[in-house]
Amino acid sequence: FWWWGGAFSITPPPPPGGGGGSLPTPPPPPTLQDSQRISITPAGEQLKLLELLPIEALRLPVATVQLLREFNIRRIEQLLALPRADLPSRFGSELLLRLDQALGVVPELLKPERPAEPVEESWPFEPPIANRRHVETALAHLLEKVLERLRPRQIGVRRLSCSLQLVSHEPIQFAVELLQPSDSHRHLMELLRLRIERLTIPAEVSTIRVQATFAVPLEFHQEQMFEGEKANWRRQFSGLLERLNGRLGERAVLRPQLWPDAQPELACRYEPWLKRDKVPSSEFQVPSLRPPRLTRLPIALPVASMFPEGPPIRFEWQGTHHVVAHSWGPERIETGWWRGADIRRDYYLVETAVGERFWLFRSLPDECWFLHGIFA
């Protein structure tokens, strides 16, 4: 059966006793139970839980942690048992500060992590404009101002969002997606024009806003002494995809993506090339003995076998009789009840007498044979 489920591992316990002259292994430190990992500690009792934590929980410098470990001090409990007056001279003054902050003796101000301000520019019009050329001119000006703020940080645009506020109508919002970050005003304006050509602006525009909603560091490549045809292939390919996406729409430029589905013809989906949000886990792998090419639909074949439910020994396809020299299988594939009509198949990889390889399956409900894949 081909099945997807959770993976787990069982680690065997270590053998009792120790090796020849090795020191005995110290007992593991006490740990909190699963039910106690999230709890509210009453006032004055936090010390009981702090003692069980490792010294790394105090956010000490790496050098201090290493020095403490050299003295086999691994938990806060062991640290509190040492003479307090001797700690600064041996391990630095920051140790007592972190320890008192953890105990609540010394107050600690928490500095919130402030999100980065969005890089955006806007242009209000008074009176509103209706000329499409004026809209493009304003977008070009706003785009240049956005890039001027990004270039000093060597950041390029991956997603550019634009908004047109209209008079007495809902605003028009659209975005430009890029495969690689770019800070080229010419390239980004070309993509913006392709999007504007597809827009219908039903009313006058009162405000235009441009925002770099996704910006990442630019990619730099070492220049080559002799540039050939392959030197700019990646950049040209990315530009082609971005222009097609802008002119035809994101649902028109697709790429195949493997999908974890037991039914082979459904184990691939098409997704927008420039949007890869819903991608299955990278741990998914195609099972072995699968052909690189499937037929568009399973093709019914006359197949002979030595006995019922046995492997095929010969079949006929495209007017040619094929004699099976070797076969591997069966690999049974079944779909769940929630998928509607049950799919129950036994797949065989067969090699003919002339060395050709095919992927055949028997449909278990009706015992009919089909060709589903061909090996190159």
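All of these numbers come straight from a predicted model, not from anything done at the bench. Along each chain, numbering runs from 1 in the same order as the chain's sequence is written. The model is predicted, so local features are restricted to residues of pLDDT at least 70 and side-chain atom pairs to those at 80 or more, both for listing and for counting; the totals for chains, interfaces and linings are taken over all residues. Calculated side-chain values reflect all of the structure's heavy atoms, with hydrogen atoms and water omitted.

Labels follow the DSSP assignment, with helices taken as runs of H or I lasting at least four residues and strands as runs of E lasting at least two, numbered in each case from the N terminus. When helices and strands are counted, the protein chain shows 8 helices and 13 strands. Categorising residues by exposure relies on relative accessible area from a 1.4 Å probe, with only protein chains included: less than 20% of the type maximum marks a residue as buried, more than 50% marks it as exposed, and the intermediate range marks it as partly exposed. Per-residue burial over the protein chain gives 34% buried out of 376 residues. For every accessible area listed, the method is Shrake-Rupley and the probe measures 1.4 Å; residues are considered covered only by the protein chains on display. As displayed, the protein chain has an accessible area near 26,000 Å², and 55% of this comes from carbon and sulfur atoms.

Next up on the list: the nonpolar core. In terms of nonpolar packing, the biggest core is built from 34 residues, with Leu-164, Phe-174, Leu-192 and Ile-208 touching the most fellow members. Looking at this core, the elements that each hand over two or more residues are β1 (119-129), α6 (132-150), β2 (155-166), β3 (172-182), α7 (185-197) and β4 (205-217). Looking at which element gives the most residues to this core, the answer is α6, with 9 residues. Residues are treated as being in contact if the distance between any of their heavy atoms lies within 4.5 Å. Residues in contact with Leu-192, not counting those within four places in the same chain, are Leu-143, Leu-160, Cys-162, Phe-174 and Val-176. Joining through side-chain atoms within 4.5 Å is the link that ties buried Ala, Val, Leu, Ile, Met, Phe, Trp, Tyr and Cys residues into a set, and such a set is a nonpolar core. Val-65, Ile-73, Ile-76 and Leu-99 belong to the second-largest nonpolar core, a separate cluster that totals 13 residues.

A strand pair is defined by DSSP finding two or more bridges across the two strands. Strand order across the open sheet formed by 7 strands is β7-β13-β12-β11-β10-β9-β8, with antiparallel pairing between neighbours. Two strands close off the open sheet at either side, each with one partner strand: β7 (293-301) and β8 (303-305). Within the sheet, the average angular offset between the axes of one strand and its neighbour, ignoring direction, is 35°. Helix axes are fitted to C-alpha atoms over the stretch in contact, other axes to C-alpha atoms as well, and angles between N-to-C directions run from 0 to 180 degrees.

Reading across the sheet, the 4 strands line up as β1-β4-β2-β3 and stay open at both edges, with antiparallel pairing between neighbours. Looking at the sheet topology across the chains shown, the edges are occupied by β1 and β3. Here the average twist between neighbouring strands, direction ignored, is 15°. Pairing analysis gives 7 bridges linking β2 to β3, with the strands arranged antiparallel. Along β3, the bridge assignment pairs Ser-163 with Gln-173. Most of the contacts of α7 go to β3, to which it runs at about 145°, and overall it touches β2 and β3.

Moving on: the packing of aromatic side chains. Two aromatic rings, taken as a pair, are described by how far apart their centres are and by the angle between their planes. Two rings from Phe, Tyr or Trp (for Trp, the six-membered ring) form a pair when their centres sit within 6.5 Å of each other. Planes less than 30 degrees apart are called stacked, planes more than 60 degrees apart edge-to-face, and all others tilted. Counted under the stated rule, the structure contains 8 aromatic pairs. Arranged with centres 5.8 Å apart and planes meeting at 90°, the rings of Phe-71 and Phe-91 form a pair that is edge-to-face. With Phe-71 in the loop between α2 (62-70) and α3 (76-80) and Phe-91 in helix α4 (residues 87-91), this residue pair connects regions lying 20 residues apart in the sequence. Taking relative accessible area as the criterion, Phe-91 reaches 9% and is therefore assigned buried.

Next up on the list: the pattern of salt bridges. The rule for a salt bridge is simple: a side-chain nitrogen of Lys or Arg has to be within 4 Å of a carboxyl oxygen of Asp or Glu. Counted according to the given criterion, the structure contains 17 salt bridges. With a closest N to O distance of 3.4 Å, Glu-77 and Arg-75 form a salt bridge. Exposure remark for Glu-77: the relative accessible area of 35% places this residue in the partly exposed category. The shortest N-O distance in the salt bridge between Glu-94 and Arg-98 comes to 3.6 Å. Of this pair, Glu-94 and Arg-98 both sit in helix α5 (residues 94-103), 4 residues apart, which is roughly one turn of that helix. Among the residues examined, Glu-94 registers a relative accessible area of 32% and is labelled partly exposed. Shared partners join several salt bridges into a network, and the residues in it are Arg-59, Glu-94, Arg-98 and Glu-108.

As a further point, take the pairing of β3. Taking burial as the measure, the 11 residues of β3 include 10 buried ones, the bulk of the element. The turn linking β2 back onto β3 is made up of 5 residues, and Ser-168 within it adopts a positive phi angle of 60°.

Taken together, the side chains of Leu-240, Leu-244 and Leu-248 present a nonpolar region at the surface, about 250 Å² in accessible area. Here Leu-248 shows up in helix α8 (residues 233-248). A patch consists of residues exposed above 30% relative accessible area that lack any salt bridge, with like charges linked at up to 9 Å and nonpolar side chains (Val, Leu, Ile, Met, Phe, Trp, Tyr) linked at up to 5 Å.

Within α5, the full set of buried residues consists of Leu-95, Leu-96, Arg-98, Leu-99, Asp-100 and Gln-101. Directly after α5, the chain includes Gly-104, whose backbone phi takes a positive value near 85°.

Inspection of the secondary structure puts His-134 in helix α6. Residues His-134 and Val-205 lie 71 residues apart in sequence; the distance between their C-alpha atoms is 9.9 Å.

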